[in-house]
Each structure stands twice: as structure tokens, then as C-alpha cells.
Amino acid sequence: MNKYFSARIIARVIPLCVVLLPFGKASAQSQTEDAKMNVFVSGLLKKMTLDEKIGQLNLVTIGAPTTGSVVNKGVEEKIKKGAIGGVFGIWGAAQTKEVQEAAVKNSRLHIPLIFGLDVIHGHRTIFPIPLGMSATWDMDLIKQSAHIAAKEATAEGLSWVFSPMVDIARDPRWGRISEGSGEDPWYGGQVAKAMVQGYQGTSMKNADAVMACVKHFALYGGAEAGREYNTVDMSRIKMYQDYLPPYKAAVDAGAGSFMSSFNTVDGVPATGNQWLLTDLLRKQWGFKGFVVSDYTAVNEMEAHGLGDLQMVSALALKAGLDMDMVGEGFLTTLKKSLQEKKITQLEIDQACRRVLEAKYKLGLFDNPYKSMDVARESTDVLSVANRSAAREITKHSFVLLKNDNQTLPLKKTGMSIALVGPLANNQRDMLGTWVVAGDWEKSISVMQGIKNVVGDGVTINYAKGSNITEDAEFIKRLNFGPGMVSIDPKPADELLKEAVDAANKSDVIVAVVGESQSMSGESSSRSDIDIPEPQKNMLKALSKLGKPMVIVLFNGRPLTLTWENEHATAILDVWAPGTEAGNAIADVLFGDYNPAGKITATFPRSVGQIPIYYNHKNTGRPYSSGPTKFKSNYLDISNEPLYPFGYGLSYTTFGYSDVKLNKTTLKGNETLTATVTVTNTGKLAGEEVVQLYISDPVASISRSVKELKNFKKIKLQPGEAKVVSFAITPEQLKFYNTQLKYDWEPGKFVVQIGTNSSDTHSASVWWTK
Ligand code: BGC
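Calculation notes
Per chain, the residues get numbers from 1 upward, laid out in the order the sequence is written. It should be noted that, the model being predicted, local features are given only for residues of pLDDT at least 70 and side-chain atom pairs only at 80 or more, the latter also being counted only at that level, while totals for whole chains, interfaces and linings use all residues. The basis for every side-chain value is the complete set of non-hydrogen atoms in the structure, without hydrogens or water. Any two strands are treated as partners once DSSP identifies two or more bridges connecting them. Each helix is a run of DSSP H or I of at least 4 residues and each strand a run of E of at least 2, with the numbering of both proceeding from the N terminus. Angles shown run from 0 to 180 degrees and are taken between the N-to-C directions of axes, each axis being a line fitted to C-alpha atoms and, for helices, limited to the stretch in contact. In plain words, nonpolar cores are sets of buried Ala, Val, Leu, Ile, Met, Phe, Trp, Tyr and Cys residues tied together by side-chain atoms within 4.5 Å. Residue burial is assigned from relative accessible area. The probe radius is 1.4 Å, only protein chains are included, and a residue is buried under 20% of its type maximum, exposed over 50%, and partly exposed in between. The contact criterion used throughout is that any non-hydrogen atoms of two residues lie within 4.5 Å. The definition of a polar contact used here is a pair of N or O atoms within 3.5 Å, where within protein one atom must be able to donate a hydrogen and the other to accept one, and adjacent residues in sequence count solely through side-chain atom pairs. For a crossover, the right-handed case is the one in which the path from the first strand over the helix to the second runs clockwise, viewed with the strands pointing away from the viewer. Relative orientations are named as follows: roughly parallel for angles under 35 degrees, roughly antiparallel for angles over 145 degrees, roughly perpendicular for angles from 65 to 115 degrees, and oblique for any other angle. Should the near helix be turned counterclockwise from the far one by less than a right angle, the crossing is left-handed, whereas a clockwise turn marks it as right-handed. Here the term charged refers only to Asp, Glu, Lys and Arg, the term nonpolar to Ala, Val, Leu, Ile, Met, Phe, Trp, Tyr, Cys and Pro, and the term polar to all other amino acids, Gly among them.

A look at the sheet that holds strand β21 (residues 686-695)
- The five strands are arranged β19-β27-β26-β21-β22 in an open sheet whose pairing can be described as mixed. Taken across any chain shown, the strands that pair with only one partner, and hence form the sheet edges, are β19 (665-667) and β22 (707-716). Neighbour to neighbour, the strand axes of the sheet diverge by 25° on average, direction disregarded.
- With eight bridges connecting them, strand β26 (residues 747-754) and strand β27 (residues 760-768) associate as antiparallel partners. Paired with Lys748 across the bridge in β27 is Trp766.

In C-alpha cells form, the structure reads like this:
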């Protein structure tokens with residue numbers, strides 16, 4: 001009948017107005033809303049057949065397969081029969097409307113579908129990858145990016161986004177470290193909250209709001225050896241203390257849905273894990289939304305060794321999973337399981353109720369076509385305003401890793417630049433890993449961005465210099481989509497010679513190098529996290545010329561940059577910056593914006609140090625300095641990372657005073673105030689992220705050496721000083737003990753404030769109960 005069922009669709013700081021109601025009024029209002037919803041959903045459930053109820057639990061894709069090999073068949077017929085509750089893989093007001101009509105006009109009960117998509121770091125206007133976004137340390141900007149994504153997504157018929165991804169990751173070999181906010185649980189929670197608020201707005205019924213789907217629940221970032229989809233196994237204390245807080249923060253922020261992860265948690269796959277999906281998520285945390293599986297994760301429990309499809313589907317439903325993504329285990333086996341009394345009617349009703357409630361909360365029963373408005377597509381998608389917000393936000397995500405001799409910023413006039421590297425004149429790799437609806441042809445290359453910012457003011461001597469990689473096997477794996485990485489027909493030495501010639505003619509070298517788009521993200525684990533060899537060879541040849549060499553680094557993960565740190569004059573980390581890449585990079589290279597980003601995942605010196613993270617334990621034989629034997633260290637490398645968590649430079653410099661405390665002994669629920677004075681000691685205005693860490697040196701369990709507890713981002717004019725204060729309460733001293741009780745223990749605490757996790761000033765207090 002129509003192209004959306006037969007053809008595969010080819011994949012391919014707005015402060016939110018918070019309506020402040022007195023608490024009593026707000027909760028009374030939401031109780032009435034809940035009561036209305038209950039009446040509506042209960043009424044609908046009474047009319048539904050068993051097959052229709054099971055149908056609501058079925059999520060299918062009608063686009064090209066994005067992350068698995070399975071695609072659903074016979075979707076149109078199933079929609080008409082009421083055998084599908086939601087779809088993903090298509091977008092566009094007209095396209096989604098056509099599919100919605102099949103459900104609303106042709107199915108017996110006219111229940112609307114929910115339309116989801118992987119909107120991860122922007123929908124059409126693409127923002128930096130989430131690891132880059134997290135480097136902004138700016139929750140308003142993060143919220144704004146999610147809000148713009150929601151606005152664009154709703155303009156194209158969507159009401160549900162598979163984001164935020166809040167998995168803590170301490171292993172940069174894992175390609176999906178790019179999709180999260182790094183290694184810190186508290187900071188991850190702040191970002192999770194900002195993203196949920198940005199997506200869902202004040203009400204999911206709003207025309208520009210979508211339902212968030214928090215993923216991947218849980219612990220997915222703990223994959224052994226950084227290998228994708230690998231086993232996760234950790235103690236409960238580690239889970240609660242270091243991995244679960246961002247998911248919990250997302251629940252507290254009101255996230256409407258969760259996605260179960262592919263991995264095991266305590267030996268049981270997350271998708272069929274009752275402790276995780278019911279005891280923890282619903283009973284302990286009070287989550288009220290619905291849980292969808294990851295792509296065919298129900299079926300994958302067979303490979304995990306939990307039984308055949310009927311068994312694992314029943315296990316998942318009983319565990320608390322409500323919707324089955326793509327695999328149709330629920331659709332094809334739950335009826336039989338009910339007849340055989342392996343599951344109960346109540347379990348099916350409960351899952352169905354949660355899916356219907358989500359549709360109700362989104363306002364889809366009032367208007368199933370609510371976001372399918374062709375007119376909005378032309379005004380709200382990739383608009384000038386969205387692109388200019390993206391340019392602004394993107395600049396804030398860049399991290400200056402090195403800047404000797406104040407090489408950066410570059411002068412806008414009277415100089416010549418050798419612009420070299422396979423990512424310098426490249427649009428394809430600007431967007432990053434997870435851009436289902438993003439169009440790379442709309443992105444700004446670095447070369448174009450420089451021209452836009454400096455015009456004819458500087459002479460650009462361009463040379464590609466090298467391929468991204470020349471490893472044929474690697475390229476095959478990177479090219480899971482057509483033409484992602486191609487090899488230049490020119491021989492490697494010719495490419496290299498062109499770069500050297502360009503450099504010889506120029507005052508400064510700007511080498512744009514690193515990872516291409518498909519080197520990070522799902523199923524993109526790497527055992528070697530160096531800049532790929534041909535690019536590194538180019539850098540080595542250029543470094544011999546004795547000219548200032550600036551590296552503009554593209555990366556979906558922390559890379560090992562020991563050589564680069566020694567030989568480059570400056571390094572600007574730009575992650576995968578998104579649609580406005582080149583413009584934002586040029587703004588920073590030429591000083592229109594002074595970079596202030598800080599890394600949220602530790603950069604190791606070598607893969608041998610992984611996992612490496614700042615909030616580690618002390619061990620019984622900690623190494624600090626002096627003789628190394630029989631201490632916790634390596635024979636061949638230092639314990640220290642190359643760049644610690646929270647690190648990032650500026651074009652100006654900041655001085656920190658000692659930490660002042662308003663008292664040094666406290667009791668019970670008193671508040672401690674810790675203060676530093678931060679001074680801009682350089683010549684340019686700049687922003688600084690002032691970070692607060694606390695250590696708890698004596699406790700009933702061995703605690704992390706320090707933990708981030710707060711931060712403030714401040715702006716200082718040259719010579720200006722600001723007093724920065726942090727209020728500290730016992731809430732920030734709490735941790736999970738061996739009984740998993742979340743509490744604090746009296747004793748000494750060391751308060752540390754500084755520019756990154758390694759460079760702090762400290763002062764101690766005694767705090768009794
Ligand atoms: C990924 C999820 C994604 C889903 C749907 C899976 O493979 O793990 O993050 O949302 O596919 O595309």
C-alpha cells in the first residue's frame with residue numbers, strides 16, 4: 001500500500017519555564033492526573049483481548065537495521081491487527097503520520113503507536129558526542145541541547161528518544177564511552193537530570209517534549225576488557241557507589257522510560273533480572289514508567305544460556321520488562337506461556353498498563369498526530385537558531401590539553417597555516433557516532449570553518465597528509481555503512497610529502513587528526529587507542545620541521561597521547577563536534593572563544609593502565625614516590641594518568657588560594673563552608689570550572705581516595721579574583737557500607753578544591769555525629 005511499509009527507510013540556553021506551584025497544589029494536581037489516567041487506562045484494558053495486550057508490548061523497527069541484523073517483517077498487517085505497540089527507525093511528519101494512521105484508523109481499538117528513535121546528541125542539528133557535551137560542565141547548555149533535539153524530533157513525528165545514555169565507563173577501549181558522561185557517578189547524575197529535563201520539559205504533553213529512555217540499565221559500561229557486549233561482574237557496593245547513581249538521578253528527574261542492557265548483572269542478564277528491574281528500579285527507587293529491552297536483548301538471553309525463546313521471554317516479563325525491542329519473543333510466546341501458567345494475566349496486564357500510561361502521559365490518546373505537523377518541520381528543524389545554538393554549545397565542549405608558548409589562539413591576519421590531516425577537509429567525520437537522522441553533508445568542515453572565521457586574513461596551505469588508517473581489515477570493520485572510511489588512491493609517501501611541503505611554506509602547522517566517526521560508539525571497541533599509525537607517522541614527520549604544531553584532535557574516547565603530549569606545541573580536543581564542527585573549531589583556534597572544557601574521563605598514558613580513574617581505592621600498599629618495589633605500581637610506567645579527570649587548560653591562567661573553612665570541627669547536620677579565591681592571572685578573559693572533592697580517610701570500608709562533590713563554573717576578566725564557596729552538608733559525606741546502608745560515619749574529612757582532580761588545595765575537618 002505505501003512506501004513506509006514496503007520499502008526500508010534508509011537510515012539514514014533555552015531555560016525551561018518551570019511552573020512553580022506550591023508543593024501541596026502540585027501534588028494534588030498530579031494525583032488528579034494520575035486518577036484520570038487510571039480510569040482511562042483501566043477502561044481500555046477491559047476492552048482489550050489478550051492478543052491486543054501482548055501487541056502493546058511489541059516494539060518493532062521499520063527502518064534499516066541500525067544496530068543488529070534483525071528487522072521486523074509484516075509490520076503493516078501487524079499494526080492493523082493491534083500486534084504492535086511502538087515503532088522506531090522512521091521519522092518525518094508525513095512518514096510517521098502515515099504509519100500512525102494505520103494504527104489509529106485501522107486497528108480495532110484505535111490505540112496510537114509510540115514513535116521512538118535513537119536521538120542521542122541531537123536529531124538533525126547534531127551536537128558534540130555526549131562525552132564532549134559532558135566536558136562543558138554546564139548543565140544549562142546540556143539541557144538546552146536536549147531541548148533542541150526534542151523540538152526537532154517532535155517536529156518530525158517522534159515522541160520518544162532512546163537517550164540519555166548514563167552508563168559510567170572507566171575503560172576507554174569500550175567504544176561506547178563516547179555516548180556517556182565519563183567516569184564520575186555524581187557528575188553523571190547531574191548530566192542525566194539535565195538531559196531528562198531538557199527532553200521532557202515541564203510536561204510530556206507539550207508539543208516540543210519527548211519521553212526520555214534512560215539506558216542501558218544497568219552497568220553496561222563495566223564490560224570486561226572493554227569488549228563490547230561482554231560480561232559485567234562487580235560487587236554490590238561498587239554498583240551502588242560508582243555505577244548506579246546516574247540511573248537513580250534520572251528516575252528522580254522523572255524519566256518516563258528505561259532500557260535494559262545487554263549484559264549480565266550479578267550473573268543474570270539485565271533484561272531478565274528481577275532484582276534489577278523490579279526490586280531496585282521500582283521498589284527501591286520508585287520508578288513509575290515502563291522498561292523496554294535493548295535491541296533483541298530478550299532473544300539474546302538464549303545465548304547467555306537462560307533457556308529457549310519461550311523461557312527467556314517469560315523470564316523477562318516476570319522480571320519487570322514491559323516492552324520487547326525487535327525480537328518478538330513476547331509477541332510469539334507469551335500467549336503460550338500464559339496457557340501453560342508460566343506467567344500470569346496480571347503480569348501481562350501490568351506491562352500493558354505501563355505502555356498505555358506512557359502514551360497517555362505523552363498526550364497521544366488526545367491527539368495521536370500531535371507531533372506530525374509538516375509545517376513545523378520547515379521552521380523547527382536545522383533552523384538558523386538551532387545551528388547557532390549548536391555552534392555556541394560546541395565551543396564549550398572543547399578541551400585544551402596543551403598550549404606551550406601560548407601558541408593558541410592563532411592570529412586572524414598575516415600568517416600562513418599548514419592545514420593538514422585526513423580530518424581537516426572532511427565533513428563525513430564531523431558528526432560522531434550516533435546520528436541516525438543527522439546529515440553529514442550539512443556539517444561544516446574545519447577548512448570551511450576557518451575560511452568562515454578568518455576569510456582571506458590567513459593563507460591556508462592544505463594537504464591531506466595521510467589516510468585515517470591503511471589497515472584493510474580495520475577499514476572493513478569501520479565501513480559498516482557505505483563509504484565511511486575510504487583510502488586515498490595516492491601513495492602514502494606522496495600524501496606525506498604534500499603535508500611536509502605545506503608545512504615548510506607555513507608559519508604554523510594545524511594537524512586535524514584522530515578517530516573517524518565509526519571508530520567509537522556501539523560495537524567499536526579498540527585494543528590500541530593511539531592515533532592510527534599513518535596519521536601518527538605524519539605527525540612525526542611534521543614535528544621534525546621545528547615549527548609550532550597544533551593538533552586538533554577528534555576522538556570518541558580518551559586516547560593514549562604520550563608521544564603527542566611530548567611533541568606537539570598545542571593540543572585541542574574537539575571530540576566529534578557535530579554539525580557546526582568547523583565553525584566552532586575556528587572560533588576557538590582564533591580566539592573568539594577561550595576554551596574552558598574539562599575532561600570527564602581520565603586519559604591514560606598506555607592501555608596497560610586501564611581501567612584508570614581518579615576515584616580509585618588506595619590499596620594496602622599505595623605508591624606515591626620513592627622506591628617502587630613491593631608497592632602498588634608498574635615496573636615500566638608511572639601510575640599517573642596523562643591527563644587526570646577534570647583537567648583542561650585555558651588561554652589564560654588561574655591562581656587558587658588555599659582553602660578556607662568556616663569551622664574545623666562540626667557536629668551532626670551542621671553546614672561547612674569551604675572557600676577559595678580564584679584569580680585570573682593571565683591576559684585574557686576566561687572561564688574556570690572550580691571543583692570540590694572530599695576524601696574520607698577512615699571508614700568502615702575502604703573508600704575512594706577522593707570523590708567529586710560539587711563544582712562551579714565561573715568567568716573572570718584578566719586580573720579579576722572571585723571568592724568561590726561551597727556549602728557542604730553530611731549528605732555529601734554519605735556512602736554505601738557493607739549492609740548497603742547509605743550513611744556517613746564520623747571522623748576526619750579532607751576537603752579539596754582545585755582546577756582538576758589531581759591539582760587541588762586541601763583542608764581538614766573533624767565531623768562528629
Ligand atoms: C543499542 C541501543 C539503541 C538500540 C536501538 C541497541 O543496539 O544498544 O543503545 O537504543 O540499539 O537502536
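A closer look at the nonpolar core
- Within the largest apolar cluster, 169 residues are counted, with the highest numbers of intra-cluster contacts made by Trp160, Phe217, Leu244, Phe258, Leu401 and Val420.
- With eight residues, helix α7 (residues 139-155) is the largest single contributor of residues to this core.
- The residues touching Phe217, leaving out its near neighbours within four places in the chain, are Leu244, Tyr247, Phe258, Met259, Ser260, Ser261, Ala270, Leu276, Leu277, Leu280, Leu281 and Trp285.
- In this structure, Phe398, Val510, Val552 and Phe554 belong to the second largest nonpolar core, which totals 40 residues.

A closer look at the side chain of Lys734
- By the element assignment, Lys734 lies in the loop between β23 (721-728) and β24 (735-736).
- A residue is classified by how much of its surface remains accessible, and Lys734, at 19% relative accessible area, is buried.
- In this structure the side chain of Lys734 is engaged in a polar contact, spanning 2.9 Å, whose partner is the side chain of Glu731.

With respect to the pairing of strand β3 (residues 114-117)
- Of the two faces of β3, both are covered, the one formed by Ile114 and Gly116 as well as the one formed by Phe115 and Leu117.
- Assessed by its sense of winding, the connection that carries the chain from strand β2 (residues 86-88) through helix α5 (residues 93-106) to β3 is right-handed.

Quick look at the packing of helix α9 (residues 236-243) against helix α11 (residues 274-284)
- Packing of α9 against α11 brings their axes to within 15 Å, and their N-to-C directions diverge by 50°. Overall, the two elements α9 and α11 adopt an arrangement that is oblique. The way α9 lies across α11 gives a crossing that is right-handed. On α11, the residues touching Arg236, Met239 and Tyr240 of α9 are Trp275, Leu280 and Gln284.
- Taken together, the residues that form the contact of α9 with α11 break down as four nonpolar, one polar and one charged.

Notes on the sheet that holds β2
- Spatial ordering of the open sheet is given by β9-β6-β5-β4-β3-β2-β1-β10, a layout of eight strands whose pairing is parallel. Strand pairing shows two members of the sheet lacking a second neighbour, β9 (290-292) and β10 (324-325), which therefore form its edges.
- Sheet topology places β2 next to β3; three bridges connect them, and they run parallel. Within the sheet, the bridge partner assigned to Val87 lies in β3 and is Phe115.
- Along the sheet, helix α10 (residues 245-252) contacts β5 (211-217) and β6 (257-260); its crossing angle with β5, the most-contacted strand, is approximately 160°.

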